[in-house]
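Overview (structure and organization)
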Amino acid sequence: MRVAIGQPRLRVGDVRYNAERIAQCLDEARRRGAETVLLGRMALLGGVWLPDWNVAEGLQAQEDALEYLRPHCAGLLVVMGLAVEVQGDMRSAMYVAQREGAEGGQVLMPGQRGQVMLGDVAWTLLAGDASELSCGGRNNGLAGDDEATTAQLFVRLAPHSMLGEETDVTAGWPADMPPLLTVRHAGVLDHHVETRGVEMAARGVVNRLEGESDGLYLFDAHDVPKLCQRASCKMSDTQEPYELLVRGLRDFFAAQGLRRALVGLSGGIDSAVVLAIAVEALGAENVMAVFMPSQYSSQASAEDAQTLAQNLGVEYHVVPIDAVCRGVEGALGALLQGKRDTTEENIQARARGLMLMAIANKRGCALLNTSNRSEAAVGYSTLYGDMCGAVAVIGDLYKGQVYEAARWVNRAGSVIPERIITRAPSAELREGQTDQDSLPEYDVLDAILMALLEERASLSCLVARGFDAEIVQRVMQLVQGSAFKRVQMPPILKVSHSGFQRPVSSWPLGAKWPRW
């Protein structure tokens, strides 16, 4: 019995689009010999129910979509998540079409279980989210002893991992139970990239199952023991965040209906990595790069920016900013009298932001923000300047991770010029400036930030680990004092579960009203 797990890229609320993608997935699974197809939670609605939606309209759109899918379900056992109303609340249920077509489908309400036979293999379906599954009994109600003796696999459809379930059902699955298959939608919800996807839990070990590029994962129902025994295809700590950001940016653009991207190149490491991600995600033909030198920009930055753009094959322009900066300073005249300070430095950053946004508007591009997580944490950025953009591509990577990503890009050759990776980072807003004029060395800063943001470590704890108390206090003050900047950042492509994480909004980016 051939099984397909379908993970088409869906859009929140776009019921017709989702139904068409699911229909394509069902047809392709059938063509490739599958007899059973598993799809994700609330699939026709894009994985979630938004509180601002009209309940009657949303449920009717879901019903109309099921009618549309009827001929595509024929001959298949289809398991798919639905939204249902339970005492005024919208909950996650499970829809099972038993081969005769969608009109013969059964709905498993939240907390219910159902058993299906795949030939001589018995699967138990667990409907609902973690809260509905935790209602008493063996393993908090997840499975009874009778099911444990008859089922060879348990299946559940889980919400996006960034939504943060109350109970991690997969990780807590008992080692003496039959395996648990957890299916999540692939892609981006709001600006959160799905990091866990499809997982198999067995004998206390959780393996991630990687699907194919077309959004299908196929296996034989009798091969579940082999899937459990197989080592998880885990990517390296360098490769995984990079690949997630490539996938996330591609999905983010698709969800927003965007096609072309603009990157402001500085000749530094951050914009270099963002440009490489953009090219891999969107194609070089859909990416433009602009280098915007000032009197403080080095020859090395100009050369490296041009080389990088040539290596990646993108449209490239050089647009100096000195005339704009002089115009601003001249217009403000006496209001800027006095010793030059960060005011004039910020004018440079804001001139670049203004000009990049103008180019983006005129050329139909989305500007990609190049701030990293370390800089965002301590406010090393300029509001309305280098904080401009539609999405912060590497805003969830520490500076050290950005360097690792650059080396990953160069794994097969010098795409990012080596000098970009090896020379001291600088904003080049004044003569001889480096980042370390204002910040601790990045390896020290990253270590402190990781402890503060991911471990919730205290000052005394960090001092006990050997960090200088004065440096730790300064970093803590910078984090506290720059919160007003972070709330004004573009949405960050989230690939971690820690740090400055905005929750999924009540109206995710790209969401639509659910209509058929």
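You'll find the structure just up there.
I will try to describe carefully the structure that is included in this document. Please read all numbers here as calculations on a predicted model, not as lab measurements.

Criteria and cut-off values
Residues numbered from 1 in each chain as written. Predicted model: local features only at pLDDT ≥ 70, side-chain atom pairs only at ≥ 80, totals over all residues. Heavy atoms only, no water. Salt bridge = Lys/Arg side-chain N within 4 Å of Asp/Glu carboxyl O. Buried < 20%, exposed > 50% of the residue type's maximum accessible area, 1.4 Å probe, protein only. Helix = DSSP H or I, 4+ residues; strand = E, 2+ residues; numbered from the N terminus. Expected span 1.5 Å × (residues − 1). Arc of directions from axis to C-beta. Contact = heavy atoms within 4.5 Å. Pairing = 2+ DSSP bridges. Axes fitted to C-alpha atoms, helices over the stretch in contact; angles between N-to-C directions. Parallel < 35°, antiparallel > 145°, perpendicular 65-115°, else oblique. Left-handed = near helix turned anticlockwise from the far one by under 90°. Nonpolar A, V, L, I, M, F, W, Y, C, P; charged D, E, K, R; others polar.

So, about the pattern of salt bridges. As enumerated under the stated definition, the model contains 23 salt bridges in all. Two residues, Asp14 and Arg11, come together in a salt bridge whose shortest N-O distance is 3.8 Å. Given a relative accessible area of 14%, Asp14 falls into the buried group. With a relative accessible area of 22%, Arg11 lands in the partly exposed category. Where Arg32 meets Glu28, a salt bridge forms, and the shortest distance between an N and an O atom there is 3.9 Å. Judged by relative accessible area, which is 26%, Arg32 ranks as partly exposed.

Turning our attention to helix H8 (residues 299-312). Compared with an ideal rise of 1.5 Å per residue, which puts 14 residues at 20 Å, H8 spans 20 Å between its outermost C-alpha atoms and is within 8% of the ideal. Taken together, the buried positions of H8 are Ala300, Ser301, Asp304, Ala305, Leu308, Ala309 and Leu312. One face of H8 carries all of its buried residues, which in axial projection span an arc of 155 degrees. Relative to its buried face, H8 has exposed residues pointing more than 90 degrees away, namely Gln299 and Gln310. Where H8 terminates, the next one or two residues include Gly313, which has phi positive at roughly 70 degrees.

This paragraph deals with the environment of Leu439. Inspection of the secondary structure assignment puts Leu439 in the loop between helix H13 (418-422) and helix H14 (442-454). Of the residues examined, Leu439 reaches a relative accessible area of 6% and is grouped as buried. Sequence separation of Leu439 and Gly33 is 406 residues, and the distance between their C-alpha atoms is 58 Å. If near-sequence neighbours (up to four positions away) are discounted, Leu439 is found in contact with Val378, Tyr380, Leu445, Arg474 and Leu478.

Taken together, the 6 strands give an open sheet; going across it, the order is S6-S7-S8-S9-S12-S13, and neighbouring strands pair in mixed fashion. The strands lining the two open edges of the sheet, one partner per strand, are strand S6 (113-118) and strand S13 (205-209). Direction aside, the axes of adjacent strands within the sheet are offset by 25 degrees on average. Sheet analysis places strand S7 (residues 121-126) next to strand S8 (residues 153-157), joined by 4 bridges and oriented parallel. From the neighbouring strand, Trp123 faces S8, where its bridge partner is Leu153.

Right, let's get into the packing of helix H6 (residues 239-256) against helix H7 (residues 269-282). Packed helices, taken two at a time, are described by their axes: the angle between them and the distance between them. Two numbers describe how H6 lies on H7: the axes approach to 9 Å, and their chain directions differ by 60 degrees. What the angle tells us is that H6 and H7 run oblique. Here the hand of the crossing between H6 and H7 comes out right-handed. Contact residues: Tyr242, Glu243, Leu245, Val246, Leu249, Arg250 and Phe253 in H6; Ala276, Ile277, Ala278, Glu280, Ala281 and Leu282 in H7. In the contact of H6 with H7, the residues fall into 10 nonpolar, no polar and 3 charged.

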